[in-house]
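Descriptive analysis of the structure
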Amino acid sequence: LKKCFWYIDASLSELLYPIDTSITYLGVTGTDGKTTTSFYIYEISKACGYNPLLITTIGIKYKDKYKKFKNKSYSFLAYSIKSFYRNLTNRKFLDAIKCILLLDRAGYRQNVETHRTTPLSSEIRRLIRKYTRKGANLIILECTSHAIDQYRLKGIVFDSVVFTNVTKEHLDYHLTWENYINTKLKLVKQLKSYGTIAVNRDDENSYRYIKENISRYGNKIVLVEYYIKEYKSINLNNFFVNVSRNQEKIQEVFISNHKGKEFYRAGISLMGRYNLYNALAAISCFLGFNQSNIENAVRSVERLNHLPGRMEILNRNPNIIVDFAHTPNGMENSLSSIRETAKSNNVWVIFGCAGERYKEKRPEMGRISIEYADRIILTIEDPRTENQTLINNQIIEGIKEYITNKSLKNVQILVYHDNLRINQDIRHKKLVIRFDQKSIENRRQAIRFAVQNADNKDYIVILGKGHEKTMAIDNVEYKWSDKKEVIKALKELGYKRD
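Notes on the structure follow.

Reading the values: the criteria
- Residues numbered from 1 in each chain as written.
- Predicted model: local features only at pLDDT ≥ 70, side-chain atom pairs only at ≥ 80, totals over all residues.
- Heavy atoms only, no water.
- Helix = DSSP H or I, 4+ residues; strand = E, 2+ residues; numbered from the N terminus.
- Buried < 20%, exposed > 50% of the residue type's maximum accessible area, 1.4 Å probe, protein only.
- Contact = heavy atoms within 4.5 Å.
- Areas by Shrake-Rupley, 256 points an atom, 1.4 Å probe, with all protein chains shown as cover.
- Pairing = 2+ DSSP bridges.
- Axes fitted to C-alpha atoms, helices over the stretch in contact; angles between N-to-C directions.
- Core = buried A, V, L, I, M, F, W, Y, C linked by side-chain atoms within 4.5 Å.
- Polar contact = N/O pair within 3.5 Å; in protein donor to acceptor, adjacent residues only side chain to side chain.
- Parallel < 35°, antiparallel > 145°, perpendicular 65-115°, else oblique.
- Left-handed = near helix turned anticlockwise from the far one by under 90°.
- Nonpolar A, V, L, I, M, F, W, Y, C, P; charged D, E, K, R; others polar.
- Phe/Tyr/Trp six-rings, centres within 6.5 Å; stacked < 30°, edge-to-face > 60°.

1. Some remarks on the overall build of the chain
When you go through the chain residue by residue, the secondary structure sums to 18 helices and 20 strands. Here the chain holds 498 residues, and 55% of them are scored as buried. Across the chain, contacts joining residues at least 24 apart in sequence account for 73% of those joining residues at least 6 apart. Roughly 22500 Å² of accessible area belongs to the chain as shown, and the carbon and sulfur atoms make up 48% of that amount.

See the structure below:
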């Protein structure tokens, strides 16, 4: 029933809001790095003379100005259908009946979606029409699996599509990894003749699956691979990265063809190997459809910066970083980079797992946290209608399994209370501190606790929310910003921001 609605909505949007198909459309999909890669494509295309429009998680960007979406997340019909299924699943039968009878107007008025990456089909098309009339000649779209499955991108024909990686995520929706990646592969059907697919060769599972299944979508597809690892046999046009070993950690990008001929090289000054992948994904997507201005494209890579809420450094002494990572892969990328930078100093990680989302990732994220961090603080991250204590219990399952497998002795798991301080008895242990209260105050206390107890050279990494401005608790969206809470805690505790 829901999929029928999405299809009807998208089909009507095609009729009501026709868009210019003669301009260039680029799509970015994958599990992690979509927003950053999309942003990098924007910068590269602008440097090459285009007038790009970026439609992504952080809103829209045109002529270097950001704008957030203010739209409702659904039409009233779509909201009613979604709420009916949710209430039915939660055995709230009276609320379910109210929704299916289209009586929940009050709930719809409060329905402002703040965690949706790709807008509805009608929203996308209105934005494209508005900005192409202002002069946009290249459209960059961040494409989630939900958006593809719900036909939000119906009727858009892409010149180039890039896959960042495809790891296990959103399986609460797609059920299996194969369903998840097959949904993303539907974008291939929307490529123009001789359109380009850029794939991450180092993401072995998704690379192999995409390559094996791409032929069913036709032979007029150009496949571009990008990678960091070295391979003996390369048969296609490729882009690859060689990581230099100097102290400044400046990464060098080489653009090469299948014969190994080096075209250009450029330095990247970004923290983390995963950001190399994001930069390579961006330039692969762009050069996949346009190689006439390769020098400007490569040179623009040198000027790439971090996005707001993506490995954003808020303070020095202690070092406080906010990042959007909310998947096991994203978390490992962030923490491994920080661990390498921090050296012998303590790494703190503040994170949680979202409620009503893929639960199987929770133990895995617990395992990653104890592997790379010295101080693990478990707190809320959009718990929605789930019990926060149970979410933390599932994360701790992975932590305990890692402790057992590695025979770690110097680890202590504590439940937070108001008088908790890190004294000499526990200072030299790995600590896991759980905040089980299901309220905004939970995450606020977690951030304040870390800032108050960290040493000046420590690294505090706050994961999961990044740029987002609200927190979903039960069926209410509360105003929230990790960045603002960090600044507030620093001020109250007497720190001067560096």
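Further notes follow.
2. Details of the sheet that holds strand E15 (residues 375-378)
Pairing in this open sheet of 7 strands is mixed, and the strands run E12-E13-E18-E14-E15-E17-E16 from one edge to the other. Unpaired on one side and paired on the other, strand E12 (312-315) and strand E16 (411-415) mark the two borders of the sheet. Strand-to-strand twist across the sheet, computed as the mean angle between neighbouring axes with direction ignored, equals 20°. For E12 and strand E13 (residues 319-323), the ladder comprises 3 bridges, and the chain directions are antiparallel. Note on E13: the bridge partner recorded for Ile-313 is Ile-321. In the packing of helix H14 (residues 361-372) onto the sheet, the strands contacted are strand E14 (347-351), E15, E16 and strand E17 (430-434), and the crossing angle to E14 comes to about 160°. Lying on the sheet, helix H18 (residues 482-492) is in contact with E12, E13 and strand E18 (459-463); it crosses E12 at an angle near 20°.

3. Some remarks on the nonpolar core
Judged by nonpolar contacts, the single largest core of 39 residues is most densely connected at Ile-139, Leu-141, Ile-156 and Phe-158. Of all the elements in the fold, those that place two or more residues in this core are strand E2 (52-56), strand E3 (59-62), helix H6 (121-133), strand E5 (138-142), strand E6 (158-163), helix H9 (177-185), strand E7 (191-200) and helix H10 (204-213). If sequence neighbours within four positions are ignored, Ile-139 has contacts with Ile-23, Thr-24, Tyr-25, Leu-26, Leu-53, Ile-55, Ile-128 and Thr-132. Core analysis: the next-biggest nonpolar cluster, separate from the first, contains 35 residues, Phe-39, Leu-138, Ile-268 and Val-298 among them.

4. Things to note about the environment of Ser-160
Considering the arrangement of structural elements, one finds Ser-160 in strand E6. Residue classification places Ser-160 among the buried positions, given a relative accessible area of 0%. Between the C-alpha atoms of Ser-160 and Val-222, which are 62 residues apart in sequence, the distance is 9.2 Å. Of note is the side chain of Ser-160, whose polar atom sits 2.9 Å from the backbone oxygen of Cys-285.

5. A closer look at the packing of H14 against helix H15 (residues 388-405)
In contact at an axis separation of 7 Å, H14 and H15 are set at 50° when each is read in the N-to-C sense. In terms of orientation, H14 lies oblique with respect to H15. Relative to H15, H14 is oriented so that their crossing is right-handed. Across the interface between the two elements, Arg-362, Pro-363, Gly-366, Arg-367, Ser-369, Ile-370 and Glu-371 from H14 touch Ile-391, Gln-394, Ile-395, Glu-397, Gly-398, Ile-399 and Tyr-402 from H15. Here the contact of H14 with H15 is composed, by residue class, of 6 nonpolar, 4 polar and 4 charged.

6. With respect to the packing of aromatic side chains
One pass over the full model with this rule turns up 11 aromatic pairs. For the ring pair Tyr-7 and Tyr-151, a centre distance of 5.1 Å and an interplane angle of 85° mean the geometry is edge-to-face. Of the two residues, Tyr-7 is situated in helix H1 (residues 2-16) and Tyr-151 in the loop between helix H7 (145-149) and E6; the sequence distance between them amounts to 144 residues. Tyr-7 sits in the partly exposed class, given a relative accessible area of 40%. Note on Tyr-151: relative accessible area 28%, which makes it partly exposed. Ring centres of Trp-348 and Phe-449 lie 6.4 Å apart, and the angle between their planes is 65°; on these two criteria the pair is classed as edge-to-face. You can see Trp-348 sitting in strand E14 and its partner Phe-449 sitting in helix H17 (residues 440-453), a full 101 residues away along the chain.

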